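Each chain is listed here by its residues.
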Amino acid sequence: MSSCLSSSTTKTAYGVAIEFLKKFRPFSLMGFSDFTTQSSKIHGTSPSFMDRPHFSEREKSIYTILTIDRWESMNHMEYKLAALRPVHGRLALKFLNWVIKQPGLELNHFTHIFSITIHVLIRARMLDCAKSLLRQLSQMGIGASSVFGALMDTYPFCKSNPSVFDLLIRIYLRDGMIDNALETFHFTGFRGFNPSVYTCNMMLGYMVQNGMTGSVWSFFKEMLARRICPNVATFNILINILCVEGNLKKAGFLLRRMEENGYFPTVVTYNTLLNWYCKKGRYKSAFELIDCMGSKGIQADVCTYNMLIDDLCRNSRSVKAYLLLKKMRKRMISPNEVTYNTLITGFVKEGKIGIATRIFDEMSVFNLSPNYATYNALIDGHSNEGNFEEALRLIDMMESAGFQPNEVSYGAILHGFCKNGELDSARRVFEGMKMNGMVVGHIAYTEMMDGLCKNGFLDEAVQMLHNMFEDGVDADVITFSVLINGFCRVGKIKNAKEIICRMYKAGLRPNKIIYSTLVYNSCKMGNVMEALKFYLTMNRSGLVADHFTCNVLVASLCRDGKVREAEDFLSHMSRIGCEPNSIAFDCVINGYGNLGDGLKAFSMFDEMIKLGNQPSFFTYGSLLKGLCKGGNLRVAKKFLNNLHYIPSAVDNVVYNTILAETCKQGKMWESVVIVDQMLKFGVLPDDHTYTILVGGFCRKGKIVAALLLFGKLMEKRAFSPTLLTYTCLVDGLFKAGQSKAASYIYEEMEEKSIHPDTIALNVLIDGTSRMGKMAKACDLLSSMRSRNVCPNLSTYNILLHGYTKQKNLLMCFVIYKLMIRSGIFPNKLTSYCLILGLCESGGLDIGIKFLKTMISAGFEVDQFTFKMLITKCCERGEIRKAFDLVNIMNFLGILADVDLQNAIVSGLNRNLAFQQSYVLLHDMYQQGFQPKSRQYITLMNAMCQVGDIQSAFKLKDEMVLLGISSRDVAESAMVRALAHCGKVEEATLVLDHMLQIQLVPTIATFTTLMHIFCREANVAEALTLRNKMERCGLKPDVVTYNVLISGLCSNGNIAGALELYREMKQNSLWPNATTYTILVDTILTKGGCLVEGDVILKDLKERGIISCNWDGSTKALHKGLRMAIDKLKHIQQNRSKSLKTNGKTM
């Protein structure tokens, strides 16, 4: 028999069924009704002859055979058509047992004697024995055709009954041999036999159970062709199949045709259709069908109503189900225990335990006794609600009613205690179960372990697993899954792996859910490589990942910037039959958006549409992000305007995306314009919109604007600040140095019951670390665990960075070991912090060794770490170690950037290795790297310092020849190099030569020579250079003026210095702190015009540098000047510290 047919075949068979009902009225429904005449024709006998008794001859024949020890004697056995009694069947079985013990029998002998015996047993009405022999025959590995042939060959000889073929078909069906049953059905047709309609119905039922719906319709068509009249049960099966296929309309039509053609549907028929109406949520049709039943005189029974009530309760419509119970009573249909248990369970699941209790009380009013299911459902409901007194009272009621509470009863109470965190009570109940002699199975153990894991008692949960094995209780997959999930939840992947090992030892294998849990939590902790290993193991175990697992991996790869790999994973998903959905595509599009690769993002968008996936707001937002980050903000705005023409394409998500990217670029004015545009198009800003604006102001350093916006919104009650809003404010205040205000905002957040997550606590730890309060930062780390918040990689990196700044190597490695024990793997920043700490503490060699160890362990190390180590080596003059590190970089495929090459060149120059430095520059050029003019200038300065002027001039000419810089820049660099090494005359000659050949020196070149002349008290020459500079069309900058003012002040020419100060302001140049410091210091120390001092103080006040007032007296003026000089020096010191900090950070 072929498997499922096409839909067209099904429709044809359905049409045949309807046509049959149109043409035929039901003929005899008795099995083999048409076989009597056929049988007579086949055997050449008449029914009257079959009824003649010939007992004496038959018995004599059987006993004769039993006493003759020859196989051929079987041919002498002469069956008559009279009925046989069980005694004759037992004689046949006795003979069979004797024959099969004889040596030299072949398989065909066995089948022959079995067939004869089966026929004898059928005629003797020993059907059970006949079934047993048929089952043995079917299990000998003999094909259906051979078995049928043997039975058919012996059929005329034994004058048997055709019910033997019915029995054979049923045996095949019960043993799951549906193909053999179908084959036998066809064979009977070829020989003119028809199985009974009951056997045919049995075949239809088994085909439905095995999903062979297509074969059902072709089988039914063959039944009609062979004139096997279907009965009501047949149509019940067909109606059920139509319902399974979703053709409820056709099922209803078939029901009506049955009624029109004289078939009388039973309650089972209606219940079948009712069941599917309920499953599809068509309750109106269901109730109409019940009314239809009543009009036809078929009363819906309690099973009908129970079915409806069960479906309503499953769909959280228990109140409607209870109204149906009332309707039952009005129709005089008595509900049973199943009805009430269903209702109680439904109300319990909906959390309406009070109603469930009242229904429980109602049972006793109607003389219905609660059973285990009733009590256990109520115990579970009360336990979930925390009503443990009531749950324990129900336990007592159970015992009073003669029901011994079982593991399910106590398991519900255990679950409730664990859910509510009352572990001590749970432990007492668990121990009480053991002491009362109850067999505690794996369910109770698993419940306890789950409670312990969720409340952080992981070690105790593992110990309970040991106790479980000691008590001889076998754990199942769920037991291990609970432990694995518990360890994964707190980030202890290593411990989860150990549980998996124990699982294998127990003879169990992780299922798909366990692997998905491991993949998800590894990705959550930022270790996507570990997640991929779990995924690979899952695939090798023959488990196919679902969309959730695959999407988690795709999202994590994109989050780590490995978007190409994520795109390759999409192709892998297609290969394993898990076609990428919209979520997977959105992740990849967003990944390319984060990289600023708008072109690739749109390419993936096109592929997404091609595969039939629908874009969402998130999709459009990611495309906008790609355009914004790629520097195409204008194109992004145009794309956003076009999106307004797509129905339902623009919402808060889309606007928030472009708003977030605009804020990240620091374009706050444009961000405000975007919010106005939102309102213009009728898209109302949400909490996230305002949070983005607040975060943008904080990131830009405009913390006052952020606080004002926040306060205004709170005043208008325009939004509810989220955890992210408070996190942005706290972070901004800490970075602005306002630690007290940050702490105040954080406390306000907690007062509003907004509980901090990992990111919020990381911000708090980072702020505390910036203040140098590392002990408090560590306390915050400890508090994270008590809050059930998992520290992540960023948490540990923040702490490492803080301890590195304090050069506390011991704590650095304590934090590092704690991180490794927590199952968190270090990243590039971790390596950098640890190695920086070693280098800052004088452990450069240890830092290099640690770097090599981390590389060997497979941890990532970035260019910045190498750059820092190489720079330190160059500073110490250990050039060989620097080049060893460069070789390691090349081996790892990490390219050296210009800054790193500069560091090496500077290190070589510092060690007077000019030749090696020169060779390195040439190597860079040959490898396709264009050396920067800065590198050549550094080498020129170094050569001039050691007196190798000739080589410096050669380098200058080479710079021009290789196109590294223009000639005026090269000549200017030569002037400065000569000036810095003290060869002022030579520098002046080169400068004059430049002017003669009409090359314009740089402002820095003129300023350098002026500075040297002023330092040598030759201010007149410096002023002459200034005149030359202006003749070249160059305007002095602030640095130039500062040099000249400083020179004039040093020579006591305060009036000239003040004249230059006035000239600066006329030329729209802002004097800086250095300018004011020189002038104020000179006025205070050498005396000067107090009027000019008054002018300077007024300028400083206008600039917001000082805020004091003076009354014009000399004393007040001097006091103001002293305050000004203190303030100016403080500004200079802060700027110097900031530059040093930035230098270290870089």
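Bear in mind that the values here come from a model prediction, so they are computed numbers and not experimental data.

Attention now goes to the overall build of the protein. A count of helical and extended segments in the protein gives 63 helices and 0 strands. A buried classification covers 49% of the 1146 residues belonging to the protein.

The next subject is the pattern of salt bridges. In a structure, side chains of opposite charge can pair up when their charged atoms sit close to one another. Counted according to the given criterion, the structure contains 21 salt bridges. We note a salt bridge from aspartate 310 to arginine 314, for which the minimum N-O separation is 2.8 Å. Here arginine 314 and aspartate 310 lie together in helix α17 (residues 302-314), a separation of 4 residues that amounts to about one turn. Residue arginine 314 is classed as exposed on the basis of its relative accessible area of 63%. For glutamate 1059, the salt bridge goes to arginine 1062, with nearest N and O atoms at 2.9 Å. Of this pair, glutamate 1059 and arginine 1062 both sit in helix α60 (residues 1054-1066), 3 residues apart, which is roughly one turn of the helix. Using a relative accessible area of 44% as the deciding quantity, one classes glutamate 1059 as partly exposed. Given the relative accessible area of 30%, arginine 1062 is considered partly exposed. When salt bridges that share partners are traced, they join Lys956, Asp957, Arg967 and Glu971 into one network.

At a minimum axis distance of 7 Å, the contact between helix α39 (residues 687-700) and helix α40 (residues 703-716) shows a crossing angle of 155°. The orientation of α39 relative to α40 falls into the category roughly antiparallel. For the pair α39 and α40, the sense of crossing is left-handed. Residue-level inspection shows Tyr690, Leu693, Val694, Phe697 and Cys698 of α39 in contact with α40, the latter providing Ile703, Ala705, Ala706, Leu709 and Leu713. Class assignment of the residues belonging to the contact of α39 with α40 gives a composition of 10 nonpolar, no polar and no charged.

For the rest of this paragraph, the subject is helix α57 (residues 1003-1015). Given a rise of 1.5 Å per residue, 13 residues ought to cover 18 Å, and the 18 Å separating the end C-alpha atoms of α57 matches this to within 8%. When α57 is considered as a whole, its buried residues turn out to be Thr1005, Phe1006, Thr1007, Thr1008, Leu1009, Met1010, Ile1012, Phe1013 and Cys1014. Backbone geometry just after α57 places alanine 1017 at a positive phi near 65°.

Positioned with a positive phi, serine 753 is a non-glycine residue whose angle comes to about 60°. As for its position among the elements, serine 753 is in the loop between α42 (739-751) and α43 (758-770).

Under the 1.5 Å per step criterion, the end-to-end length of α39 is 20 Å for 14 residues, consistent within 8% with the ideal 20 Å. Among the 14 residues in α39, 10 count as buried, and that is most of the element. Considered for burial, the residues of α39 that qualify are Thr689, Tyr690, Thr691, Ile692, Leu693, Val694, Gly695, Gly696, Phe697 and Cys698. Among the structural elements, α37 (652-664), α38 (668-680), α40 and α41 (723-735) are those in contact with the buried residues of α39.

All right, on to the side chain of threonine 619 then. Locating threonine 619 in the fold gives a position in helix α35 (residues 617-629). Given the relative accessible area of 0%, threonine 619 is considered buried. In this structure, threonine 619 is in contact with Asp586, Ile589, Phe605 and Met608, ignoring residues within four places of it in sequence.

Okay, the environment of glutamine 1132 next. Within the secondary structure layout, glutamine 1132 lies in helix α63 (residues 1114-1145). A C-alpha to C-alpha distance of 7.0 Å links glutamine 1132 and alanine 1073, two positions 59 residues apart in sequence. Apart from residues no more than four positions distant in its own chain, glutamine 1132 is found in contact with Ala1073, Thr1074 and Thr1077.

Bringing the side chain of arginine 976 into the picture now. Among the structural elements, arginine 976 can be located in helix α55 (residues 967-980). The buried charged residue arginine 976 lacks any salt bridge partner; its closest oppositely charged side chain belongs to aspartate 968, at an N-O distance of 9.8 Å. Separated by 3.4 Å, the side chains of arginine 976 and threonine 1002 make a polar contact. A distance of 3.0 Å separates a polar atom in the side chain of arginine 976 from a polar atom in the side chain of threonine 1005. Setting aside chain neighbours within four positions, we find arginine 976 in contact with Ile937, Thr1002, Ala1004, Thr1005 and Thr1008.

Residues Trp669, Val672 and Val673 make up a contiguous nonpolar surface patch of about 320 Å² in total accessible area. Residue placement: tryptophan 669 occurs in helix α38.

Next up on the list: the packing of helix α46 (residues 809-821) against helix α47 (residues 828-840). For the pair α46 and α47, the least separation of the axes is 10 Å and the interaxial angle reads 155°. Relative to α47, the element α46 is oriented roughly antiparallel. At the point where α46 passes α47, the crossing takes the left-handed sense. Residue-level inspection shows Leu809, Cys812, Phe813, Tyr816 and Met819 of α46 in contact with α47, the latter providing Thr830, Leu834, Gly837 and Leu838.

For the rest of this paragraph, the subject is the packing of aromatic side chains. Evaluation of the coordinates by the stated rule reveals 15 aromatic pairs. Taking 5.3 Å as the distance between ring centres and 80° as the angle between the ring planes, the aromatic pair formed by phenylalanine 602 and phenylalanine 639 counts as edge-to-face. One end of the pair, phenylalanine 602, is in helix α34 (residues 598-610); the other, phenylalanine 639, is in helix α36 (residues 633-643), with 37 residues separating them in the sequence. Note on phenylalanine 813 and phenylalanine 850: the rings are 5.6 Å apart at their centroids and 85° apart in plane angle, and the pair reads as edge-to-face. Of this pair, phenylalanine 813 sits in helix α46 while phenylalanine 850 sits in helix α48 (residues 844-856), and the two are 37 residues apart along the sequence. On the accessibility criterion, phenylalanine 813 (23% relative accessible area) is partly exposed. By the ring-pair criterion, three or more aromatic residues cluster together here, those being Phe360, Tyr372, Tyr375 and Phe403. Sitting above the plane of the phenylalanine 366 ring, arginine 329 keeps its charged end 3.3 Å from the centroid.

On average, residues of the protein score 78 in pLDDT, and 84% of them reach the 70 mark or higher. Scored below 50 in pLDDT, residues 1-11 shows 18 contacts in the model against residues more than four places distant or in partner chains. Contacts of residues 20-56 to residues separated by more than four positions or lying in other chains number 62 contacts, the stretch itself having pLDDT below 50.

Positionally, valine 675 belongs in helix α38. On the accessibility criterion, valine 675 (9% relative accessible area) is buried. Separated by 10 residues in the primary sequence, valine 675 and proline 685 place their C-alpha atoms 7.2 Å from one another. Setting aside its immediate chain neighbours within four residues, valine 675 contacts Leu659, Pro685, Thr689 and Leu693.

Rules and cut-offs
- Residues numbered from 1 in each chain as written.
- Predicted model: local features only at pLDDT ≥ 70, side-chain atom pairs only at ≥ 80, totals over all residues.
- Heavy atoms only, no water.
- Helix = DSSP H or I, 4+ residues; strand = E, 2+ residues; numbered from the N terminus.
- Buried < 20%, exposed > 50% of the residue type's maximum accessible area, 1.4 Å probe, protein only.
- Salt bridge = Lys/Arg side-chain N within 4 Å of Asp/Glu carboxyl O.
- Axes fitted to C-alpha atoms, helices over the stretch in contact; angles between N-to-C directions.
- Parallel < 35°, antiparallel > 145°, perpendicular 65-115°, else oblique.
- Left-handed = near helix turned anticlockwise from the far one by under 90°.
- Contact = heavy atoms within 4.5 Å.
- Nonpolar A, V, L, I, M, F, W, Y, C, P; charged D, E, K, R; others polar.
- Expected span 1.5 Å × (residues − 1).
- Lys, Arg positive; Asp, Glu negative; His and termini not counted.
- Polar contact = N/O pair within 3.5 Å; in protein donor to acceptor, adjacent residues only side chain to side chain.
- Patch = residues over 30% accessible without salt bridge, like charges linked within 9 Å, V, L, I, M, F, W, Y side chains within 5 Å.
- Areas by Shrake-Rupley, 256 points an atom, 1.4 Å probe, with all protein chains shown as cover.
- Phe/Tyr/Trp six-rings, centres within 6.5 Å; stacked < 30°, edge-to-face > 60°.
- Lys NZ or Arg CZ within 6 Å of the ring centre and 35° of its normal.
- pLDDT = per-residue confidence, 0-100.

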